[in-house]
Structures are given as structure tokens and as C-alpha cells.
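Listed below are the residues making up each chain.
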Amino acid sequence: MADSTQTPVDVFEKARTHERLEQLEAAKQGDLLPYFRILKSQAGPVVDMEGRETIMLGSNNYLGLTTDPRVKQAARDALEAYGTGVTGSRLLNGTTPLHLDLERELAEWMGTEDAIVFTTGYQSNLGAISAILDPGDTVICDSGDHASILDGCKLSGARLRPFRHNRMDKLESMLERSTAERSPTLVVVDGVFSMEGDVCDLPPIVDLCKRFGARLMVDEAHGVGVLGSRGAGACELFGLEDEVDLRMGTFSKSLASCGGFVAGTEEVIEYMRIASRAFIFSASAVPAAVGAALGALRIIRSEGPDLFERLLGNAAYLRQGLRDLGLKVVEPGTLPDGTEATTPVVPVMVGEDWQAVLLWKALFDAGLYTNVALHPAVPPGGALLRTSLMATHERDHLDRALGIFDRVTGDFPDLPRA
Ligand SMILES: Cc1ncc(COP(=O)(O)O)c(C=O)c1O
């Protein structure tokens, strides 16, 4: 029997002893914390951050549509028509005609039979993967996959087998294993990896999945509204849309809102509507968010190519500018025709965590905002400054940003150089 006089171990103890607390405290003391900085304006190319004009290279507002008057009007119209919230799940009381229009238009855009809308992108991965997989199944993921994919896998109870980033030989041996075990298998990869910004090597992944009879899901969070002539993502860019079973996207980036979706066959999407707990047991997105996503989608479907060209042109320009400064950028991967696969994410390699934080702060003080990616978001010793572009950045913004990089990095002799 347990002795009730013993001092109990406090379940909150971890909040006091977490390994990162000391570092966090030191960063706070030196005003070096790169997180939770206060944005006091709309997320445009130049923002007011903590009262200072700052060039924004740390937003996922890839097409710049969060400030587009038509998208804002669509959000206002939805707010007026349906109020501030629907106060319940899609299943019971959270489905408006806007949700249905959005699902239909997303499926048309992605070229699939159906699509299901979730309240966040995170829930889309969590809800779809945990509904599809059972404990006897196997799920194989790239080690660079987003946390929401891993959380969905863990929640499902399926056997999780990660393979080293982009290592097709490892993927093949995992598939051999699950085939030998006769375990139904799903492979999940990011179309564009969120921190490094590189495009997945989709053709061999598709071949391997076909060879071993595994299903394939691609997270297009950073690909939709960006890659391919319709902006349908990495699968479109590679001409492999019909070979991929499920495609996930989020509204929090190019679609200028909050929410997410999964597109696929009617059979599987309809199954998610009744089996996905993250869909059934969570309140529906607020009407303004759904209206904004629908407004942005309509703009992308009519004016997309011009926006994609401006965005990717900006990304290529910044990447070349950083290379010309002698900085090391993450290589973006190549397309089957041998050309570089430009994405809106252009990370500068730094290496050690503290160096990345100090460089981030020096850039921030000079009027440039970037995102810091530290372990565990990246492998140990692989700290990055992640820059991301918008279609609405002007060349002048990018030249000013490059000027700041040039001035500031001179004080960092240990930075990896190209
Ligand atoms: C690759 C990837 N998948 C899923 C998500 C989750 O989307 P959201 O932030 O819209 O919930 C993100 C967001 O950062 C992401 O980068």
C-alpha cells in the first residue's frame, strides 16, 4: 500500500526543471528572446514591431493576401451573415453554406473528388492521420515532417517508422519491413519542408509507394498557393497529383486565414467526416476565418500565376543575394529537369543555437525580422535563420534586408560561409 505520509511528487515539477528554462531565462535577461515579439500592425512586407519599423522576413503570408481588401471584405461579409462564431463542431452545429462552398472549391482546385475543412492546419494532420491509421498499421514519415504529422501518428497508435530526411534507401527498407509484416502502410511527407524550405523528392517516393502498395499523403502547407501553375502545390509541380492519395493544406499561409483541409477521394474524406475526432469534437472555424479563406482561394484561382511568379521571383532574388554575401543558404532541392526548386522559404545556415539567437537579435535591432529555428525544430547543431518571402515585397525591401545582413554578419566571423 502507498504511504500517504510520503511527500508526493508534484506533476508540475517539470515546469520548474525543464532543461530549456535556464537558457530561456538567460535570453530574457539579455532581451535576446526571439519568440513572442509583439506585432503592432498588419503582417505586410514592412511592419510595426514593438514600436519600430521592421522589414518582415518572418511571415508565412506568402501571397500577401491577409491585407487584400477583397479578402478582408469576404471575412466581414461572413461575420455579418453568420456572426462571430458557430459555437459547435461541424457535425452538430458548425457547418455553414460557406464551409460547403469552401470544401467544394478546394476539391475543384486540388482536382480531387472531395475535401474536408478543419479548424486549424494542425488539426487537419492530427485528425486525418489518426482517423486513417489503427494500431496494427504502419506509418512511415520523413524525419523533417511537421510536428502535427508526428502527433497524428502517435495518437493513432500505429507503428511509427521515421526515415532520415530524403533518404530513399531508408524509405525503401522501411517499406520492405512493413510489407514483410503484412501491415497496411501510409507514408507521409511534407511537400515543402517547413524549416529548411526544400521540396520533397516526390517521384521516387511515389514509385516506392506504388511498388509496395502503400498509401501516400503529402502535407502541402507550404506548397499550396505557391507551387505549380494552379498553385496546387508540390504534387502539381511534379505532375504527380493523381498518384498521391491524400493532400493536406493549411489556410494560415498563402490562404491568408486560419484553418486547414485534406483533399482526396470521396470515400476516404466522407469517412473522416464521421471518424475523425479532431473534426467531430472541436468547434468549427469562425465564419470570418472561413470567409477569408474562401475569398483568398478565389483570388488564387483567378490571379494566382502572377502572384506565384512575384513570390518565387522574390525568393530567388533573396537567395542569390544572400549567396553573393558569402552566406550559406539551405539548398532548395532540384526538379526532374535539373532546375532548382525555388520555394518561399530561404533559410540561412548558422549552426550553433546561441550564435543563431545573437545573429537574430543583431538583425532585429537593425530593423529586420527573421525566424530562428533551433533544435528540436532542426537537427542538433543545425540552427537556422529562416527567412520567408511575400509576393508583396518590393525589390527595395529585399535590398534593404540584404544590406542589413551584410552589415550585421561582419560581426559574426564563425558563421558558415559558402
Ligand atoms: C508543414 C506544416 N504542416 C502543418 C502545419 C500546421 O498548420 P497551422 O499552423 O495552420 O495549424 C504547419 C504550420 O506551421 C506546417 O508548417
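Residues numbered from 1 in each chain as written. Predicted model: local features only at pLDDT ≥ 70, side-chain atom pairs only at ≥ 80, totals over all residues.

## Looking at helix α7 (residues 168–180)
Step number 1: Between its terminal C-alpha atoms α7 stretches 18 Å, which fits the 18 Å expected from 13 residues at 1.5 Å a residue.
Step number 2: Within the sequence span of α7, burial applies to L171, M174, L175 and S178. Take α7 and look down its axis: the buried residues cluster within an arc of 100°, on one side only. Among the exposed residues of α7, those oriented more than 90 degrees off its buried face are D169, S173 and A180.
Step number 3: Where the residues of α7 are buried, they touch β4 (138–142), β5 (159–163), β6 (185–190) and α8 (202–212). (Helix = DSSP H or I, 4+ residues; strand = E, 2+ residues; numbered from the N terminus. Expected span 1.5 Å × (residues − 1). Buried ≥ 20, exposed ≤ 12 C-beta atoms within 10 Å, placed from the backbone. Arc of directions from axis to C-beta. Contact = placed C-beta atoms within 7 Å.)

## Some thoughts on the sheet that holds strand β12 (residues 371–373)
Step number 1: In space, the three strands of this open sheet follow the order β10-β13-β12, with antiparallel pairing throughout. Looking at which strands have only one partner, the edges of the open sheet turn out to be β10 (345–351) and β12. Taking each pair of neighbouring strands and ignoring which way they run, the sheet shows an average axis angle of 25°.
Step number 2: Here β12 runs beside strand β13 (residues 383–388); their pairing, made up of three bridges, is antiparallel. Opposite N371, over in β13, you have R386 as the bridge partner.
Step number 3: Contacts from helix α12 (residues 287–324) reach β10 and β13, with the element oriented near 25° to β10.
Step number 4: Contacting β10, β12 and β13, helix α13 (residues 353–365) runs over the sheet at an angle of about 35° to β13. (Pairing = 2+ DSSP bridges. Axes fitted to C-alpha atoms, helices over the stretch in contact; angles between N-to-C directions.)

## Observations regarding the site of the ligand
Step number 1: In the neighbourhood of the ligand, 14 residues make up the surrounding shell, with G121, H146, S194, A221 and S252 lying closest.
Step number 2: By residue class, the composition of the shell around the ligand is two nonpolar, ten polar and two charged. (Near = placed C-beta within 6 Å. Nonpolar A, V, L, I, M, F, W, Y, C, P; charged D, E, K, R; others polar.)

## Some points on the sheet that holds strand β11 (residues 368–369)
Step number 1: Spatial ordering of the open sheet is given by β1-β2-β11, a layout of three strands whose pairing is mixed. Two strands lie at the open edges of the sheet, namely β1 (46–49) and β11, each paired on one side alone.
Step number 2: As judged from the two bridges shared by strand β2 (residues 52–56) and β11, these two strands associate in the parallel manner. Opposite M56, over in β11, you have Y369 as the bridge partner.
Step number 3: Packed onto the sheet, helix α14 (residues 395–409) meets β1, β2 and β11 and runs at close to 100° relative to β2.

## Some remarks on the pairing of β2
Step number 1: Direction of pairing for β1 relative to β2: antiparallel, over a ladder of four bridges. Looking across to β2, one finds that V46 is bridged to I55.
Step number 2: Hairpin connection from β1 to β2: two residues lie between these consecutive antiparallel strands, with E50 at a positive phi of about 50°.

## With respect to the nonpolar core
Soluble, globular proteins show a tendency: their nonpolar side chains are buried together.
Step number 1: Counting 122 residues, the largest nonpolar core has A234, V262, A293, L311, A356 and L384 as its most contacted members.
Step number 2: The element contributing the most residues to this core is α12, with 15 residues.
Step number 3: Looking at which domains feed residues into this core, each of domain 1 (22–66 + 304–409) and domain 2 (68–300) gives three or more.
Step number 4: Those residues in contact with V262 that lie beyond four places of it in its chain are A115, I116, S124, A128, L246, M248, I269 and M272. (Core = buried A, V, L, I, M, F, W, Y, C linked by C-beta atoms within 7 Å. Domains from an automatic or database assignment.)

## Thoughts on the domain arrangement of the chain
Step number 1: As far as domains go, the chain holds domain 1 (22–66 + 304–409) and domain 2 (68–300).
Step number 2: Ranked by the residues each element gives to the side of domain 1 that touches domain 2, the list is headed by α12, at four residues.
Step number 3: Grouping the amino acids of the side of domain 1 that touches domain 2 by side-chain chemistry returns 18 nonpolar, six polar and two charged.

## What about α8?
Step number 1: When we look at burial in α8, the residues that qualify are L202, I205 and C209. Burial along α8 is one-sided: seen end-on, the buried residues are contained in an arc of 60°. Away from its buried face, by an angle of more than 90 degrees, α8 presents the exposed residues K210 and R211.
Step number 2: Where α8 is buried, its residues touch α7, β6, β7 (215–219) and α9 (234–237).
Step number 3: Phi turns positive one or two residues past the end of α8, at G213, with a value near 65°.

## As for unusual backbone geometry
Step number 1: P376 follows H375 through a cis peptide bond whose omega is 10°.
Step number 2: Secondary-structure assignment places P376 in the loop between β12 and β13.
Step number 3: With phi around 50°, D31 is a residue other than glycine that occupies positive phi space.
Step number 4: Using a count of 9 C-beta atoms within 10 Å as the deciding quantity, one classes D31 as exposed.
Step number 5: Positive phi is not limited to glycine here, since N166 has a value of about 65°.
Step number 6: You can see N166 is positioned in the loop between β5 and α7.

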